[in-house]
Amino acid sequence: MSLELLEEQRESWGSRGGFILAAVGSAVGLGNLWGFPYKLYSYGGGAFLIPYIVALLLVGIPLMILEFSLGHYSQRAAPDAFKGVHKGFEVVGWWGIILGFVIVTYYPVVLAYCFSFLAYSITGMFNGGKLPWAGEGLEGVANAKNFFFQTYLGYHEGMRLGGIRWNIVLPLVVAWLSMYLCIFKGVRLVGKIVWLTVPLPWLMLLILTVRGLTLQGSMQGLAYYLDPVWSELAKPVTWRYAFGQVFFSLSLAFGVMITYASFLHRKSDINNNALIISLADFATSFIAGLAVFATLGGMAFVTQQAGNPVPVENVAEGGPSLAFVAFPYALAQLPYSAYFSFVFFFALITLGIDSAFSITESVLASIVDKTGWHRNIVLPVMSIIGFAFGLIYITKGGLNWLGAIDGFVNGTRGITLLGMLECIVLGWLWRIGTLRRHANSRSDWKVGKWWDYMIRLVIPILLGILFFWQLFEDMNNETGFLRTPQGRWIPENCIGVAVLVLAPVIAIVLSLLKDRRGNIVLPHKEQDLETKARFGGLVALTSALVPTVQYIISLNIDISPSIKNTILWILPIGGAITIVLSSYILEKYNTSTTQASWPARWAGVIATMNVSMFIAAILFDLTGKAEIHEIKTPANHELTGVSYIILAVVFLIIVGGLGWCFYRAIATTSKFDGPQSPDEIGDSEEQQS
Ligand code: PHE
């Protein structure tokens, strides 16, 4: 089936704005208002911005461009898009979709909490402003904790489920129903709904930020948020959280952005949209943090004045506590608490809902693309299944399940592995140049050849380091990973591993099922290979595999450390040689009319993994096996000069970056008012290949 034909059948976003907002809506979610601020606070304050910005620039934005161009090029949701590359890679698409589905079983549960707390706030508004968790001083904090964990969740420790909390069932139904209503009509309506669900939370955030910053004592709070603790940068966990957060926050690796881009109009921009969306997401996270911590500072000040001081560090804890204990408590100390509490939970709901339905949509589109079933049937069935899984998390032990599963899927074990696979498949095993030309031919600005190397080398190596680093730690964990040394199973890790192992298994099964629809094959011609390329590929494969095999054997036998060390160093040396060789073969033969040999491609993949493994092993040795983590307490409670510089730099990146994007968008539109020639040139270039 030709691409043009597909395009005619496929629905599309109404406008460029509709797409940008929908993608921003997916990216900007609970991760921004709740995940980012507490991660930044817990892992080094302003110092955390360094790994975060590195991750955003080196991995986040290039990958966003990659996912957009793949979705746009193939006009299909993730599994079929990967299938277009090669039959065998459909599984990579499904893998992401399944992990996305896992997220969409618990994400609406958090939305359900928000609906409940919104209802409490509304009742409060009519109740003379009294919120049920209000209380004074440190005792008040304990009350607020008690309210969320005991009164609301009926929480108990451990993985025993206990009974379902019936008070959360209705809010969960409301969450799923709202998601359903947003997407049941298809993406064109989504493109309209997001004109509401994206600006609205921004407005709410603006209200909270202005109000927070004008509170007395707000700077105290900002000091907790921004004052850097540089030593945190030496801890691996800081880097892992930064990378994980970038992935989760930008909705990457779960097929969401691929799917959304598949609904884009043929002539739509790709690169500039990707940059706008990524920067908007970062801006929202950062500003959300300002709102949260300024308010906490205000709370600290008020309680000091009342002679019953509650310092920021006594309330600011990680995880769900920030949104459902610390912030509600802080609001309760301040005037008009019920109204601002309403604003806060309303912001969370509007932020979260479009992220949640973006995952549903990508799962839905994948199933519809594969089976040809009607979305009016698939969506309700899927929603009911998602809801049913959600019941697990609204039991008494449910929050622990949520934490365990989220930790795996969304951490370095799940998300980064998938991101790495994506880059490997598209960078080494296919022709990344084709995607680049496709994106460039219709974008406001172009990415250079450097981007190919980001996808092929830099990103897989970086993500590979994180993945292997985690693996080495898990394997060396003295208290055991799946079982303690005493032989007791560790249920939270077992559940997490089970989910991670099941995902590819289900993905393989799904990819083996026959497509009901016509297959899509992304245009490429294969011609006979030259003997030279074949021979070169075999040489490269040998030089990649020998060090790997040696290394793995050396890990499992008893030999002297010096020999072990030598073997370790062969990894990067062999790796570098192989990378150069395979890159050369790919550049020379992997063109639009010929294909490089498979041995050459796989050699490249293995070599990049070797380099990652080597760096991870070195880092693991350097940082030691123990992972101590203490929450920072800045020495002084005023914003330091460094923090002002940090603030200025972040604002420069955000305002300057977005300003540049809009400038490029406007400049290009006015230049191409006539016939859309660049697109046509671009398309004909693609068609030749
Ligand atoms: N990006 C969303 C957030 O920050 C979550 C999300 C993850 C949405 C993955 C879609 C896919 O909350």
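Residues numbered from 1 in each chain as written. Predicted model: local features only at pLDDT ≥ 70, side-chain atom pairs only at ≥ 80, totals over all residues. Heavy atoms only, no water.

Asks: Any chance you could explain the overall build of the chain here in plain terms?
Replies: Check the secondary structure of the chain and you find 28 helices and zero strands. Rg of the C-alpha trace for the chain: 25 Å, near the compact-globule value of 26 Å for 689 residues, within the 12% margin. Expressed as lengths along the three principal axes of its C-alpha atoms, the size of the chain is roughly 85 × 70 × 50 Å. Across the 689 residues of the chain, 61% fall into the buried class. Nonlocal contacts in the chain, meaning residues at least 24 apart in sequence, comprise 85% of its contacts between residues at least 6 apart. Summed over its atoms, the accessible surface of the chain is roughly 26600 Å², and 68% of this surface lies on carbon and sulfur atoms. (Helix = DSSP H or I, 4+ residues; strand = E, 2+ residues; numbered from the N terminus. Rg over C-alpha atoms; globule rule 2.2 N^0.38 Å. Buried < 20%, exposed > 50% of the residue type's maximum accessible area, 1.4 Å probe, protein only. Contact = heavy atoms within 4.5 Å. Areas by Shrake-Rupley, 256 points an atom, 1.4 Å probe, with all protein chains shown as cover.)

Asks: What am I meant to see in the domain arrangement of the chain here?
Replies: One frequent convention defines the size of an interface as the accessible area lost when the parts assemble. What the domain assignment lists for the chain is domain 1 (3-523 + 641-671) and domain 2 (530-639). Measuring from the centre of the C-alpha atoms in domain 1 to the corresponding centre in domain 2 gives 30 Å. Facing 45 residues of domain 1, the contacting portion of domain 2 comprises 38 residues. Carbon and sulfur atoms supply 68% of the area buried between domain 1 and domain 2, which totals about 3800 Å² over both sides. Taken together, the connections running from domain 1 to domain 2 amount to two salt bridges. Put simply, E587 and R456 hold a salt bridge, and the shortest N to O gap is 3.3 Å. For the pair domain 1 and domain 2, the number of links is five residue pairs in polar contact (both at pLDDT 80 or more). Elements with a minimum of two residues in the side of domain 1 that touches domain 2: α3 (30-42), α11 (218-226), α12 (236-249), α20 (415-427), α22 (450-476) and α27 (641-671). Residue contributions to the side of domain 1 that touches domain 2 peak at twelve residues, all from α22. (Domains from an automatic or database assignment. Buried area = accessible area lost by both parts, 1.4 Å probe. Salt bridge = Lys/Arg side-chain N within 4 Å of Asp/Glu carboxyl O. Polar contact = N/O pair within 3.5 Å; in protein donor to acceptor, adjacent residues only side chain to side chain.)

Asks: Where do I start with helix α18 (residues 375-393) in this structure?
Replies: Every α-helical turn comprises 3.6 residues, leaving residues that sit three or four positions apart pointing alike. If you check α18, its first and last C-alpha atoms are 27 Å apart, about what 19 residues at 1.5 Å a residue would give, namely 27 Å. Looking only at α18, the buried set comprises R375, V378, L379, M382, S383, G386, G390 and Y393. Each buried residue of α18 lies within a common arc of 125° when the element is viewed along its axis, so the set occupies one face. When the buried face of α18 is taken as reference, the exposed residues oriented beyond 90 degrees from it are I377 and I384. Buried-residue contacts for α18 involve α6 (90-125), α8 (166-183), α17 (337-371) and α19 (398-409). (Expected span 1.5 Å × (residues − 1). Arc of directions from axis to C-beta.)

Asks: Would you explain the nonpolar core in this entry?
Replies: Side chains of nonpolar character tend, in soluble globular proteins, to be buried together. Counting 231 residues, the largest nonpolar core has F68, Y113, F293, L296 and L426 as its most contacted members. A total of 22 residues in this core trace back to one element, the largest contributor, which is α6. Here this core spans two domains, since at least three of its residues come from each of domain 1 (3-523 + 641-671) and domain 2 (530-639). Other than its neighbours up to four places away in sequence, L426 contacts L66, L70, F82, V85, R431, I432 and L435. (Core = buried A, V, L, I, M, F, W, Y, C linked by side-chain atoms within 4.5 Å.)

Asks: Sorry if this is basic, but what is going on with the site of the ligand here?
Replies: Around the ligand, the surrounding shell holds 15 residues, and the nearest of these are A27, G31, Y107, F248 and S251. Between S26 and the ligand, the recorded distance is 3.1 Å, taken from a backbone N or O atom to a nitrogen atom. Isolated, the ligand exposes 320 Å² of accessible area, and the fraction of that covered by the protein chains is 100%. Of all the secondary-structure elements, those providing two or more residues to the shell around the ligand are α2 (16-27), α3, α12 and α17. Tallied by class, residues from the shell around the ligand come to seven nonpolar, eight polar and no charged. (Near = heavy atom within 4 Å. Nonpolar A, V, L, I, M, F, W, Y, C, P; charged D, E, K, R; others polar.)

Asks: Looking at this structure, how should I read unusual backbone geometry?
Replies: Note on backbone geometry: most residues besides glycine have negative phi, and most peptide bonds are trans. If you check the backbone angles, S251 has positive phi at about 55° while not being a glycine. Its place among the elements puts S251 in the loop between α12 and α13 (256-262). Positioned with a positive phi, A253 is a non-glycine residue whose angle comes to about 80°. A253 sits in the buried class, given a relative accessible area of 4%.

Asks: Can you help me understand α2 in this one?
Replies: Here α2 contains twelve residues, and its C-alpha end-to-end distance of 17 Å stays within 8% of the 16 Å for a straight helix at 1.5 Å per residue. Taken together, the buried positions of α2 are occupied by G18, F19, I20, L21, A22, A23, V24, G25, S26 and A27.

Asks: What exactly am I supposed to notice about the packing of aromatic side chains here?
Replies: Ring pairs (aromatic) are described by centroid distance and by the angle formed between their planes. One pass over the full model with this rule turns up 46 aromatic pairs. Geometrically, the ring pair formed by F117 and Y120 is edge-to-face, given 5.5 Å between the ring centres and 85° between the ring planes. Linking F117 with Y120, this pair stays in helix α6, spanning three residues, or about one helical turn. Judged by its relative accessible area of 0%, F117 falls in the buried class. On the basis of relative accessibility, which here comes to 25%, the residue Y120 falls in the partly exposed class. Note on Y120 and Y152: the rings are 6.3 Å apart at their centroids and 85° apart in plane angle, and the pair reads as edge-to-face. Highlighted residues: Y120 in helix α6 and Y152 in helix α7 (residues 137-152), separated in sequence by 32 residues. Over the face of the ring belonging to F340 we find R211, whose NZ or CZ atom lies 3.9 Å from the ring centre. The ring of F408 has R413 sitting right over it, with the charged end atom 4.3 Å from the ring centre. (Phe/Tyr/Trp six-rings, centres within 6.5 Å; stacked < 30°, edge-to-face > 60°. Lys NZ or Arg CZ within 6 Å of the ring centre and 35° of its normal.)

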